[in-house]
Amino acid sequence: MSMRWGLLLATLLGLSAPAAAHLTPNSEVQLDIGDGSVSTDIIVPQGEYAYATGNPVDGGAQSQALARRYLHEHITVRSPDGRPWQVRVGKVEFVQIAGPPDLHALATFTAPADAPARRFTIEWRVLVNELPSHFALFVAHRPDGSRDILGAVRHGRVELTVDRAQSGASAFGSAIGLGARHILTGYDHLMFLLALLLPAPLLAANGRWRGRRTAKATFGQLAKIVTAFTIGHSLTLIGATLGGWTLPTAPVEIAIAVSVLVSAIHALRPLFPGREPVVAGAFGLVHGLAFATLVREADAGMASSALSLFGFNLGIELVQLVIVCAALPSLLILSRTETYRYLRTGAAGFCALAAATWIGARTGALPDAAALAVEAVIRQLGWVALALSLIVVVGWLVGRRRSPSPLAVS
């Protein structure tokens, strides 16, 4: 076992050398609200922009003009009474700010006469229509130099209402929503959790998954795994945001993909049977650094606001809890059937494929389009998995009326 983990560590260190993509490849929009107008600083990941639009990103005059036109056509601002604001996109450049290159633009939103400048609605359709997993984070500058989270937009919810009279409760709610959206669109985090859940109802023997846990034991195992992962990522999330802990982006991002790969292999053949909570906690430390990246890049008051940081973490935990609760019934039912072996193998194999693709993209061995294509498949498979879970549970409930429950509870 020690040699196996030594090889894994060596592989991880070897892969972490090249530069990697953002941990959070989403757009960031910073608003500086003045008297009658709003100065806007826009950062859009260049890879996502090129993939979604097909426009050139060579930095030449034509690529800048196309980017300026695209932004202008996909941003709308209006007053509470519906009157449109003037949107002017000024400077546009393709630069490397942090991680991979970005599309960076400066824009000005100008309110109509007599319209309140601190209350308006933004309709943001930049990338979110073309890339359903993409979201744009909005933050606003305070007079003291700090920043507040205003919210985020994504596919299906492209409007954001800005009111600088926002209460503390609203800011806390925004932080919860940001955490929830981050985990929902963080497919590598979800795949890691899925890969750990797959073998939870099973017992290992002679290097294979052979036996089955009781329902009570499965629930206990899942509780340990999720709790350990929560403790792990919470520790580094708090330490990175409040304590200033930092690591280079590349090793963290690749380590997350490796965690998915290791967990997927474990779901196929037991690597660390009985020690899943320990592994979940250890990899949770790495995932926490990824969560902290969004907070740190936004610099949206979380580092100085324990309440906002708690809200962000709470949003992550709520989504995890919902996922586990939704998956538990079908896991228990299917694990009692021969079909589960094939479903587990297929799901674990896909997790391994996704992880390998992310590793390739994040080390530069594969284009970003490969990772985006995998994530597009994950979005569709998510709906398929949900429908399958509902069918399994409904079928079990119908069958339960005719025969005793197959689930042991002792």
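Treat the numbers as computed from the prediction; the structure is a model and nothing was measured.

## Considerations on a nonpolar patch on the surface
Phase 1 of the analysis: A contiguous nonpolar patch, built from Ile231, Leu235 and Leu285 and spanning about 270 Å² of accessible area, is present on the exposed surface.
Phase 2 of the analysis: Summarising the element assignment, leucine 285 is placed in helix 8 (residues 276-298).

## Here we look at the sheet that holds strand 7 (residues 135-141)
Phase 1 of the analysis: Spatially, 4-5-2-1-7-8 is the arrangement adopted by the 6 strands of the open sheet, whose pairing is mixed. Each of the sheet's edge strands pairs with one partner strand only, and the pair in question is strand 4 (86-95) and strand 8 (147-154). Looking at each pair of strands side by side, their axes are set apart by 20° on average, direction ignored.
Phase 2 of the analysis: Summarising the sheet, strand 7 and strand 8 pair through 7 bridges and their orientation is antiparallel. When the bridges of strand 8 are listed, histidine 141 appears paired with arginine 147.
Phase 3 of the analysis: Across the face of the sheet, helix 2 (residues 46-53) comes into contact with strand 2 (37-45), strand 4 and strand 5 (102-110) while running at roughly 85° to strand 2.

## Some points on helix 3 (residues 61-73)
Phase 1 of the analysis: Taking 1.5 Å as the rise per residue, helix 3 with 13 residues should run 18 Å; its terminal C-alpha atoms sit 18 Å apart, in good agreement.
Phase 2 of the analysis: Buried within helix 3 we find Ser63, Ala67, Tyr70 and Leu71. The buried side chains of helix 3 occupy one side of the element, clustering within an arc of 95° when seen end-on. Pointing more than 90 degrees away from the buried face of helix 3 are the exposed residues Ala61, Gln62 and Arg69.

## As for the pairing of strand 1 (residues 27-33)
Phase 1 of the analysis: The element strand 1 is largely enclosed, with a buried count of 6 among its 7 residues.
Phase 2 of the analysis: Pairing of strand 1 with strand 7 involves 5 bridges; the strand directions are parallel. Paired with glutamate 28 across the two strands is leucine 137, which belongs to strand 7.
Phase 3 of the analysis: Examined bridge by bridge, strand 1 and strand 2 share 6 bridges and lie antiparallel to one another. Its bridge partner being in strand 2, leucine 31 is matched across the sheet by threonine 40.
Phase 4 of the analysis: Between the antiparallel neighbours strand 1 and strand 2 lie 3 residues, among them glycine 36 with a positive phi of about 95°.

## Some words on the pattern of salt bridges
Phase 1 of the analysis: According to the stated counting rule, one finds 8 salt bridges in the structure shown.
Phase 2 of the analysis: The shortest N-O distance in the salt bridge between glutamate 123 and arginine 78 comes to 3.9 Å. Residue glutamate 123 is located in strand 6 (residues 119-124), and its partner arginine 78 is located in strand 3 (residues 75-78); the two are separated by 45 residues in the primary sequence.
Phase 3 of the analysis: According to the relative accessible area criterion, arginine 78 is partly exposed, its value standing at 25%.
Phase 4 of the analysis: Several salt bridges converge on common partners, so that one network encompasses Arg78, Glu123, Arg125 and Glu159.

Conventions we followed
- Residues numbered from 1 in each chain as written.
- Predicted model: local features only at pLDDT ≥ 70, side-chain atom pairs only at ≥ 80, totals over all residues.
- Heavy atoms only, no water.
- Patch = residues over 30% accessible without salt bridge, like charges linked within 9 Å, V, L, I, M, F, W, Y side chains within 5 Å.
- Areas by Shrake-Rupley, 256 points an atom, 1.4 Å probe, with all protein chains shown as cover.
- Salt bridge = Lys/Arg side-chain N within 4 Å of Asp/Glu carboxyl O.
- Helix = DSSP H or I, 4+ residues; strand = E, 2+ residues; numbered from the N terminus.
- Pairing = 2+ DSSP bridges.
- Axes fitted to C-alpha atoms, helices over the stretch in contact; angles between N-to-C directions.
- Contact = heavy atoms within 4.5 Å.
- Expected span 1.5 Å × (residues − 1).
- Buried < 20%, exposed > 50% of the residue type's maximum accessible area, 1.4 Å probe, protein only.
- Arc of directions from axis to C-beta.

Bear in mind that shape data such as this cannot, by itself, settle questions of function.
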